[in-house]
Amino acid sequence: MKRELVPEHIKKVIPYLPGKPLSEVERELGLKDVVKLASNENPLGPSPLAVEAISKHINEVNFYPDDGVYYLRQKLASILNLSMDQLIIGNGTTDILGDIARTFLGPEDYAIVADQTFLVYRLAVQAVNGNLITVPLKNYTYDLPAMAKAITPHTKLIYIANPNNPTGKMVTGEQLDRFLNSIPEHIVVAVDEAYYEYIEDPSYPDSLKYVREGRPVIVLRTFSKIFGLAGLRIGYAMANEELIRYIIKVKCLFNTSHLAQVGAMAALDDHEFINEGKRVNREGYQFLAEELNKLKIKFIPSVGNFILLIFQEDPYKLYEKLLRKGVIIRPLKKWNLPQELRVTIGTYQQNLRFIKALKESLE
Ligand SMILES: Cc1ncc(COP(=O)(O)O)c(C=O)c1O
């Protein structure tokens, strides 16, 4: 009997399609001065303190990095009032999201994800041949009561993006509390807080309290957004010591580079850069909201560094027109949002360029 080379569950995986890189658009369309507002990156560039630290340590890359990431874990533990054993560092949070599926899902187990959310959760589950239940959003927000209802005795893992990417809506501390108190103890909940540092709403959850209480909650954060280090690939997760010990067993050896580790440590001290990032984002959001209202384009109020735009018809042609004008934003058909586009909040100049291109494209 002929045996298949690749298992069925791998054949079924639909690969993630990232935001178009600047260089690709410039090459394909023969454009210069392209603006990328497609991947929720930091429009201010990388943290200057991180760049300085990376330059200082560049001659050390002949050595393998510290696999245990001692100093960064020590620093994060002290800032966050956790123990070092409650932290794991990954090659971006995406790396750890995959490790979580590999650690906790056996062949009979199910994971619950939202239907319109960061696609990596679904891919992480599919890659380990886990079973998936998807729950639609309600008013563009995670429907936690519906997710709780979807739980069966086979449910093992639930991914929650807070705020949700691509809608920018968050669940509150009270909602998360109610949800976590209503679900069985054997379910691991991964709460992805990639946009944590941007959030100014006081009702946002203090999810580290679940970690400190030893509950099976894993909180993930990243250096890719406000710290401006998306290209370095470094993020972290926090959970009780036991869960972290298991995740370490499946993690890839040397998954974060030495330069990423020293860059991330320096970025944590870059308070000026972080505050500037928040200010630019807050003012950028206000500017874009006003302009979108003037254009009568519906959008979802966002607590992150991006905005979801809603159109009456398929906006793919509009996305292409913007591309030709050198502005890259994100179509969301693959995210089950065919009427929507997502735009990252940029600098004032970038936002202006986007609005101008949008106006011209709509005419
Ligand atoms: C919800 C969410 N989680 C994780 C990530 C990726 O983070 P990282 O760059 O740390 O892998 C993103 C990036 O867009 C995101 O939106």
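Please refer to the structure placed before this passage.
Residues numbered from 1 in each chain as written. Predicted model: local features only at pLDDT ≥ 70, side-chain atom pairs only at ≥ 80, totals over all residues. Heavy atoms only, no water.

Listed in full, the buried residues belonging to helix H8 (residues 173–182) are Gly 173, Leu 176, Phe 179 and Leu 180. Seen end-on, H8 carries its buried residues on one side only, within an arc spanning 130°. Counted as exposed and oriented over 90 degrees from the buried face of H8: Glu 174, Arg 178 and Asn 181. (Buried < 20%, exposed > 50% of the residue type's maximum accessible area, 1.4 Å probe, protein only. Helix = DSSP H or I, 4+ residues; strand = E, 2+ residues; numbered from the N terminus. Arc of directions from axis to C-beta.)

It is worth spelling out the sheet that holds strand S5 (residues 155–161) at this point. The strand order across the open sheet built from seven strands is S2-S8-S7-S6-S5-S3-S4, with neighbouring strands paired in mixed fashion. A single partner strand is all that each edge strand has here, and the edge strands are strand S2 (87–90) and strand S4 (131–135). Sheet twist, expressed as the mean angle between neighbouring strand axes with direction ignored, is 20°. As defined by bridge partners, strand S7 (residues 217–222) adjoins strand S8 (residues 235–238) across four bridges and the pair is classed as antiparallel. Counted as the bridge partner of Arg 221 is Tyr 236 from S8. Those strands touched by helix H4 (residues 70–80) are S2, S7 and S8, and its axis lies near 130° from that of S2. Running over the sheet, helix H10 (residues 241–250) touches S2, S7 and S8 and is turned about 30° from S2. (Pairing = 2+ DSSP bridges. Axes fitted to C-alpha atoms, helices over the stretch in contact; angles between N-to-C directions. Contact = heavy atoms within 4.5 Å.)

It is worth spelling out the sheet that holds strand S10 (residues 306–310) at this point. The sheet built from four strands is open, its strands ordered S9-S10-S13-S12 with antiparallel pairing. Both outer strands of the open sheet, strand S9 (298–300) and strand S12 (330–331), are each paired with one neighbouring strand and no more. Relative to strand S13 (residues 340–344), S10 runs antiparallel, the two being bridged by five bridges. Opposite Leu 308, over in S13, you have Arg 342 as the bridge partner. Sitting on the sheet, helix H12 (residues 271–294) is in contact with S9 and S10, with an inclination near 150° to S9.

Coordinates in, geometry out; function isn't part of it.
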